[in-house]
Amino acid sequence: MISIITPVYNGEKFIESCLENVINQNFADVEHIIADGGSTDKTIDIIKHYANEYPHIRWISEKDQGQSDAMNKGIAMAQGVIIGILNVDDFYEPNVLSRISELFTNLPEPSLIVGNCNIWDHRNNLIQINKPKRLRSVDLLMEKQINDDGMIDVTFPVNPSAYFYHKSLHQKIGIYKVAEHYVMDIDFLLKAVKVAHVKYFNELWGNFRYYPGTKTFDDSRDGTNETRIQQLFNEYAKTLPLIEQWEIRLNRIIIFIPLRIFYFYQYPQRLPQSIRNRFIKSISYLNSK
């Protein structure tokens, strides 16, 4: 059985589509566990309506300590041997659960498998496809990489809708950090790749909505998300052999240069004044030729 866990709090905007997404997988051997944090909108009414009609839906609603706590409660309830985390505003591609069940048939325990993930904006425009094909600890900690499309992408899986794992993995690495409210999934992955049998599949499995008003978007816009991730990466990097630490530093330097060029190409007004003056002078000289 696959246990899909959805943490939610006041998610009436998306909870119905989330429930429908799992229902429309047409996969019989699944349970969908909704861990609600005591919603005050119509979330509970919608969950009750669907749970009365579909026995695979199980749910609780009580005050919790945040998203990590809700996920841990769902894991404790889970009866399946395979875990998937589906945030209320994200969704799976069609027939993904059948594919996941098929793949896990011959995998050693515990395993973590990762696919590709679409990233959508609030206008339903596709921003990027996350393809985290390199999943060693050192690869994840490199932060950025050049993907198969020649685009600069983050190295780690951006959303849990695109990865699944054996529930028994938590026996080796523990549960999600209750005190962590933002990068709990990255912390989980960094622990998981050290002990699990990890495999990447170049297949589209998940969809991640990245738009204003969501925790991830707002945190990224403020710049605090990148700081949190960097702090977490620095902590884990210290546990690696020195040669791997240097590999990470070298990669960051290689990626940093084109990133900064692209950034200042978009925002030339943010260049230091002295550099801007030189740049303008050079352009003027070239135009005079």
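Residues numbered from 1 in each chain as written. Predicted model: local features only at pLDDT ≥ 70, side-chain atom pairs only at ≥ 80, totals over all residues. Heavy atoms only, no water.

## Considerations on the overall build of the protein
Scanning the protein for helices and strands turns up 11 helices and 11 strands. Split into buried and exposed, the 289 residues of the protein put 47% on the buried side. A total accessible area of about 15100 Å² is found for the protein, and carbon and sulfur atoms account for 54% of it. (Helix = DSSP H or I, 4+ residues; strand = E, 2+ residues; numbered from the N terminus. Buried < 20%, exposed > 50% of the residue type's maximum accessible area, 1.4 Å probe, protein only. Areas by Shrake-Rupley, 256 points an atom, 1.4 Å probe, with all protein chains shown as cover.)

## Notes on the pairing of strand S1 (residues 2–8)
The element S1 is extensively covered by neighbouring structure, given that seven of its seven residues are classed as buried. Of the two faces of S1, the one lined by Ile2, Ile4, Thr6 and Val8 and the one lined by Ser3, Ile5 and Pro7 are each fully buried. Pairing analysis gives seven bridges linking S1 to strand S2 (residues 30–36), with the strands arranged parallel. Residue pairing across strands places isoleucine 4 opposite histidine 32, the latter belonging to S2. Each parallel crossover has a hand, and the one from S1 via helix H1 (residues 15–23) to S2 is right-handed. Here four bridges tie S1 to strand S4 (residues 82–85), and the two strands are oriented parallel to one another. Following the sheet pairing, isoleucine 4 is matched in S4 by glycine 84. (Pairing = 2+ DSSP bridges. Right-handed = clockwise from strand over helix to strand, strands pointing away.)

## Let's talk about the pairing of strand S7 (residues 126–130)
Pairing geometry for strand S6 (residues 111–120) and S7, over four bridges, is antiparallel. Within S7, the residue paired with cysteine 117 across the bridge is asparagine 130.

## Brief notes about the environment of histidine 32
Along the polypeptide, histidine 32 turns up in strand S2. Taking the relative accessible area as the measure of exposure, histidine 32 reaches 0% and is therefore buried. Distance in space between the C-alpha atoms of histidine 32 and leucine 19 is 7.9 Å, their sequence separation being 13 residues. Residues in contact with histidine 32, not counting those within four places in the same chain, are Ile4, Thr6, Cys18, Leu19, Val22, His56, Ile57 and Arg58. (Contact = heavy atoms within 4.5 Å.)

## Describing the packing of aromatic side chains
Applying the stated criterion to the full structure yields eight aromatic pairs. Between tyrosine 176 and phenylalanine 188, the ring centres sit 5.1 Å apart and the planes meet at 35°, which makes this aromatic pair tilted. Of this pair, tyrosine 176 sits in the loop between helix H6 (169–173) and helix H7 (184–195) while phenylalanine 188 sits in helix H7, and the two are 12 residues apart along the sequence. For tyrosine 176, a relative accessible area of 4% gives the class buried. One aromatic cluster is present, formed by Tyr92, Phe164, Phe201 and Trp205 through successive ring pairs. (Phe/Tyr/Trp six-rings, centres within 6.5 Å; stacked < 30°, edge-to-face > 60°.)

## Thoughts on helix H4 (residues 96–104)
The set of residues buried in H4 consists of Val96, Leu97, Ile100, Leu103 and Phe104. One face of H4 carries all of its buried residues, which in axial projection span an arc of 120°. (Arc of directions from axis to C-beta.)

## Re the side chain of serine 168
Topologically, serine 168 is positioned in the loop between strand S10 (163–166) and H6. We classify serine 168 as buried; its relative accessible area is 15%. Beyond its immediate stretch of four places on either side in the chain, serine 168 contacts Glu109 and Pro110.

## Regarding H1
Restricting attention to buried positions, one finds in H1 the residues Ile15, Cys18, Leu19, Asn21, Val22 and Ile23. Buried positions along H1 lie against S1, S2, helix H2 (43–53), strand S3 (57–61), strand S5 (91–92) and H4.

## Comments concerning the side chain of asparagine 87
Tracing the sequence through the fold places asparagine 87 in the loop between S4 and S5. Of note is the side chain of asparagine 87, whose polar atom sits 3.2 Å from the side chain of glutamine 67. If we ignore the near neighbours within four places in the chain, the residues touching asparagine 87 are Thr6, Pro7, Cys18, Gln67, Asn159 and Pro160. (Polar contact = N/O pair within 3.5 Å; in protein donor to acceptor, adjacent residues only side chain to side chain.)

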